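Each chain is listed here by its residues.
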Amino acid sequence: MADHPELYRPNVGLMLIASDRRVFVGRRTKQPDAWQMPQGGVDDGETPVEAACRELKEEVGTNKALLLRESAAWIAYDVPEDQRPVHWKGRWHGQAQKWFALAFTGTDADIDIDAHDREFEAWQWVPARNLPALIVPFKRPVYEAVLKEFADLVD
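The rules behind these values
Residues numbered from 1 in each chain as written. Predicted model: local features only at pLDDT ≥ 70, side-chain atom pairs only at ≥ 80, totals over all residues. Heavy atoms only, no water. Helix = DSSP H or I, 4+ residues; strand = E, 2+ residues; numbered from the N terminus. Polar contact = N/O pair within 3.5 Å; in protein donor to acceptor, adjacent residues only side chain to side chain. Contact = heavy atoms within 4.5 Å. Core = buried A, V, L, I, M, F, W, Y, C linked by side-chain atoms within 4.5 Å. Buried < 20%, exposed > 50% of the residue type's maximum accessible area, 1.4 Å probe, protein only. Lys, Arg positive; Asp, Glu negative; His and termini not counted. Salt bridge = Lys/Arg side-chain N within 4 Å of Asp/Glu carboxyl O. 1 Å grid on protein atoms, 1.4 Å probe; cavity = no way out; pocket = protein on both sides within 12 Å on 5 of 7 lines; lining within 4 Å. Points joined across faces, edges and corners; volume = space filled by probe spheres on them. Phe/Tyr/Trp six-rings, centres within 6.5 Å; stacked < 30°, edge-to-face > 60°.

## A word on the side chain of Ser71
You can see Ser71 is positioned in the loop between strand S5 (65–70) and strand S6 (75–78). From its side chain, Ser71 meets the backbone oxygen of Ala73 in a polar contact 3.0 Å long. When residues no more than four places from it in sequence are discounted, the contact partners of Ser71 are Gln97, Lys98, Trp99, Glu149 and Phe150.

Below, the structure written as structure tokens:
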């Protein structure tokens, strides 16, 4: 795996893009104001693209997508100390993400947010320009960077 910043957990993010160029977002379970694009950790021995494929299936419940592009660099963000997961035990300050733009090739009926451990309690397609306003403040700079990098793929 390519180097990611030290003290940041390796992670992937997925910009799943519908044919009308809107983007998939899910509302985090038990966090009514926390919308996000699918994301997840890179397991030991797994490449970022393998993690992206696994996370798509786990969080969105489908593998009906084509890889369009991978972000040029890792994009890191800090998780506020009081929100860092207990299981991190101080090991990570935040996450460093490789982002993947994916073209969704299925229909809404192919999306099953209950396919695995439920990460989202609701989902929707949104215009990319609306993403930053939906995202928790500490992740907004990441989303702005991703939107800039993948701007030609979305509205």
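## Overview of the nonpolar core
In a soluble, globular protein the nonpolar side chains are often hidden away together inside. Formed by 25 residues in total, the largest nonpolar core has its most connected members in Met15, Met37, Trp99, Leu131 and Val146. Elements with a contribution of two residues or more to this core: strand S1 (8–17), strand S2 (23–28), S6, strand S7 (94–104), strand S8 (120–126) and helix H3 (140–149). Per element, the largest residue contribution to this core is four residues, and it comes from H3. With residues up to four places along the chain from it excluded, the contact list for Met15 reads Val23, Met37, Trp99, Phe100, Ala101, Leu102, Leu131, Val146, Leu147, Phe150 and Val154. Core analysis: the next-biggest nonpolar cluster, separate from the first, contains 18 residues, Leu56, Ile111, Ile113 and Trp125 among them.

## Some remarks on the side chain of Lys139
Relative to the helices and strands, Lys139 is located in the loop between helix H2 (131–134) and H3. Buried within the structure, Lys139 lacks any salt-bridge partner; Glu119 is the closest side chain of opposite charge, at an N-O distance of 8.8 Å. Looking at Lys139, its side chain comes within polar contact range of the side chain of Gln36, at 2.7 Å.

## As for unusual backbone geometry
For Leu7, which is not glycine, the phi torsion reads 70° and is therefore positive. Backbone geometry at Lys30 places phi at a positive 65°, although glycine is not the residue there. Structurally, the position occupied by Lys30 is in the loop between S2 and strand S3 (35–36). Among the residues examined, Lys30 registers a relative accessible area of 74% and is labelled exposed.

## Topic: the layout of surface pockets
Of the pockets and cavities examined, the largest pocket occupies roughly 800 Å³. Along the walls of the largest pocket sit 34 residues, with Arg9, Asn11, Gln39, Trp88 and Gln95 positioned nearest its centre. Counting residues per element, the ones that place at least two in the lining of the largest pocket are S1, S3, strand S4 (39–41) and helix H1 (48–60). Here the lining of the largest pocket gets four residues from one element, more than from any other, and that element is H1.

## Remarks on the packing of aromatic side chains
One pass over the full model with this rule turns up seven aromatic pairs. Considering the side-chain rings of Trp99 and Tyr143, the 5.6 Å spacing of their centres and the 75° angle between planes classify their relative orientation as edge-to-face. Placement of the pair is Trp99 in strand S7 and Tyr143 in helix H3, with a sequence separation of 44 residues. Accessibility expressed as a relative area gives 1% for Tyr143, which makes it buried. On the basis of an interplanar angle of 90° and a centroid distance of 6.1 Å, the ring pair of Trp123 and Trp125 is categorised as edge-to-face. Owing to a relative accessible area of 26%, Trp123 belongs among the partly exposed residues under this scheme.

## A short note on the environment of Val86
Its location among the elements puts Val86 in the loop between S6 and S7. When the C-alpha atoms of Val86 and Ala101 are compared, they prove to be 30 Å apart, with 15 residues separating the residues in sequence.

Function cannot be read off these values alone, since they describe shape.
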